[in-house]
Amino acid sequence: MTPISLRTAGERRRPRTLAATLLGVLAPLLAAMFLTAPPASAATLTEVTGFGANPSNLRMHLYVPDTVPQRPAVLVAVHYCTGTGPAFHAGTEFASLADRYGFIVIYPSATRSGQCFDVSSPQALRRDGGSDPVGIRSMVDYVQRTHGGDPERVYVTGASSGAMMTNVLLGVYPDVFAAGAAFAGVPFGCFATTDGSGWNSACAQGQISRTPQEWADTVRAAYPGYTGPRPRMQIWHGTQDDVLRYPNFGEQIKQWTQVLGVGQTPAYSDQPQAGWNRTRYGGTGAQAPVEAISLQGTGHNVPGGGMAARVIEFFGLDRGGEPGPGPGPGPDPQPGACRVAVATNAWNSGLTAEVTVTNTGSAAVNGWSLTFALPAGQTLTSGWNAGYATSGGTVTATPVAHNTVIAPGASVGFGYQATHTGDATAPAAFALNGAACAAG
């Protein structure tokens, strides 16, 4: 690995490896994070061997809470350089949140020099290319085989090297992961090298800037021909990050908004707490296609206390409990027992639509199918929080595991992306399980 250099007050400049650099930066973080270590539980972290294809000899540790639903969600939590899976387990809040909400956590460990993940080689940046991403996917497959993990609710998060791996996994396995959250990372492909080095100074220093289309094309080249839905992305970065510098925050936003086909202009912005500037793209809710949190005055030391809970909220894992039954026949509401509202966001030849379905009746809707016709010239290209089938201009949306049941007075939300030829309005009529719904 190519060495880099840092200098602190009173020290002579001397070369340091990437691993040593990040260890120095992360040591204070680890000390603070141990103060919020998961509470005692009968569940323990267990190492798993022989989990499947593992060309780079990663190690796997698994945390299964005492109580999980029949089809639990799966979270992959990826450590920083010099770290390990057990250290990331002990030093972050994901295990305690798993205890609370009943999901399983996989903690991979890098084994190469410096304990950084491969996010730069040509093998790592293409699907099934034969490097670290292959081993991590095998870990997910193992949990699905042995613990009944829900294939529709697989997520990944990571810090630093793990954040870069989060970007990589969403690019090479968009059909495996539903969403990701990257703390202090860089865009997919930014760290690419061809000389065997694991370090890309230009990327680390924030000197690589590309158009949204160029970044998106880099992602799509990792899995040529893939036309299915793409994972949602949450991006965190400190403005004072001196290891993977802050311009990488904006480059990630450009990349993933373009990949997901949403506008570059935020649909929503707020400050959830002091020093946090949050923007959402393609939607205004907690599960928007892209969410970005800029941390004013913060360096490379993330995640900090309370941030993991925001990740779990973005993934939708804070709902807890066992998923309801899958899509299928259910009691039909009577005509007028449902209401559908749609908020659209259009640009040039594209649009996104946020759909809210409210059960205005007195009985729960257990399993639903919402049918609507797109306005002339519109073509569905992708969607989130629902399954989609199209026939001509007619779209049928069905639930995913977490939103199968609509209680009386409750609502479910989902969204879709479409192209248009001039008419970017919302559909005019909807039917829930064959019964007409009020609009608005």
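Going by the structure above, here's the rest.
The shown structure was predicted, so the numbers you read here are calculated from the model rather than taken from an experiment.

### Some remarks on the pairing of strand E12 (residues 290–295)
Where burial is concerned, most of E12 is hidden: 6 out of the 6 residues are buried. Covered by surrounding structure in E12 are Val290, Ala292 and Ser294 together with Glu291, Ile293 and Leu295, the residues of both alternating faces. Relative to E12, strand E9 (residues 232–238) runs parallel, the two being bridged by 6 bridges. Bridge pairing links glutamine 234 to glutamate 291 in E12. Across 6 bridges, strand E11 (residues 276–281) lies against E12 in antiparallel orientation. What sits directly across from tryptophan 276, in E12, is leucine 295.

### Some thoughts on the sheet that holds strand E8 (residues 179–183)
Ordered in space as E3-E4-E6-E5-E7-E8-E9-E12-E11-E10, the 10 strands form an open sheet in which the pairing is mixed. Edge strands, defined here as strands with exactly one partner in the open sheet, are strand E3 (45–48) and strand E10 (268–270). Direction aside, neighbouring strands of the sheet carry axes that sit 15 degrees apart on average. Of the strand pairs in this sheet, strand E5 (residues 74–78) and strand E6 (residues 104–109) are connected by 3 bridges, and their pairing is parallel.

### Looking at the packing of aromatic side chains
For any two aromatic rings, the description comes down to two numbers: the centre-to-centre distance and the angle of the planes. Counted under the stated rule, the structure contains 13 aromatic pairs. Centre to centre, the rings of tyrosine 155 and phenylalanine 315 are 4.7 Å apart; their planes meet at 20 degrees, and the pair counts as stacked. Of this pair, tyrosine 155 sits in strand E7 (residues 154–159) while phenylalanine 315 sits in helix H9 (residues 307–315), and the two are 160 residues apart along the sequence. The exposure class of tyrosine 155 is buried, given its relative accessible area of 4%. A relative accessible area of 3% places phenylalanine 315 in the buried class. Considering the side-chain rings of tryptophan 368 and phenylalanine 414, the 5.6 Å spacing of their centres and the 20 degrees angle between planes classify their relative orientation as stacked. On the criterion of sequence distance, the pair formed by tryptophan 368 in the loop between strand E15 (365–366) and strand E16 (370–373) and phenylalanine 414 in strand E21 (residues 411–419) is long-range, its members being 46 residues apart. Taking relative accessible area as the criterion, tryptophan 368 reaches 2% and is therefore assigned buried.

### With respect to the sheet that holds strand E23 (residues 435–439)
Picture the strands of a sheet paired through backbone hydrogen bonds; they go either parallel or antiparallel. If you walk across this open sheet you meet the 9 strands as E17-E21-E14-E13-E23-E22-E16-E19-E18, and the pairing is mixed. Two strands lie at the open edges of the sheet, namely strand E17 (379–384) and strand E18 (387–391), each paired on one side alone. When strand polarity is set aside, the average angle formed by the axes of neighbouring strands in this sheet is 30 degrees. Of the pairings in the sheet, the one linking E18 to strand E19 (residues 394–398) comprises 5 bridges and is antiparallel in character. The residue of E19 that forms the bridge with glycine 387 is threonine 398.

### Re the state of the cysteines
Evaluated as defined, the whole model comprises 3 disulfides. There is a disulfide in this structure between cysteine 81 and cysteine 116, and the S-S distance comes to 1.9 Å. In this structure, the disulfide formed by cysteine 81 and cysteine 116 twists by about 130 degrees around the S-S bond and is classed as right-handed. Taken together, the residues cysteine 81 in the loop between E5 and helix H2 (85–91) and cysteine 116 in the loop between E6 and helix H4 (132–147) connect sequence positions 35 residues apart. Of the two residues, cysteine 81 and cysteine 116, neither departs from the other in class, the shared state being buried. For the chain, numbering the cysteines in disulfides from first to last along the sequence yields the connectivity 1-2, 3-4, 5-6.

### Describing the pairing of E8
The buried fraction of E8 amounts to 5 of the 5 residues, a majority that puts the element mostly inside the structure. With helix H5 (residues 161–172) bridging E7 and the parallel E8, this β-α-β connection has right-handed handedness.

### Quick look at H5
Spanning 12 residues, H5 covers 16 Å between terminal C-alpha atoms, matching the ideal 16 Å at 1.5 Å per step. Burial analysis of H5 places 12 of its 12 residues in the buried class, which makes it a mostly covered element. Buried within H5 are the following residues: Ser161, Gly162, Ala163, Met164, Met165, Thr166, Asn167, Val168, Leu169, Leu170, Gly171 and Val172.

### Some words on the pattern of salt bridges
In total, this model carries 11 salt bridges according to the counting rule given. Its salt-bridge partner being arginine 137, residue aspartate 128 comes within 3.9 Å of it at the nearest N-O pair. Among the residues examined, aspartate 128 registers a relative accessible area of 49% and is labelled partly exposed. Overall, the relative accessible area of 21% leaves arginine 137 in the partly exposed class. Salt bridges linked by common partners bring Arg71, Asp150 and Arg153 together as one network.

Cut-offs applied
- Residues numbered from 1 in each chain as written.
- Predicted model: local features only at pLDDT ≥ 70, side-chain atom pairs only at ≥ 80, totals over all residues.
- Heavy atoms only, no water.
- Buried < 20%, exposed > 50% of the residue type's maximum accessible area, 1.4 Å probe, protein only.
- Helix = DSSP H or I, 4+ residues; strand = E, 2+ residues; numbered from the N terminus.
- Pairing = 2+ DSSP bridges.
- Axes fitted to C-alpha atoms, helices over the stretch in contact; angles between N-to-C directions.
- Phe/Tyr/Trp six-rings, centres within 6.5 Å; stacked < 30°, edge-to-face > 60°.
- Disulfide = S-S within 2.5 Å.
- Right-handed = clockwise from strand over helix to strand, strands pointing away.
- Expected span 1.5 Å × (residues − 1).
- Salt bridge = Lys/Arg side-chain N within 4 Å of Asp/Glu carboxyl O.

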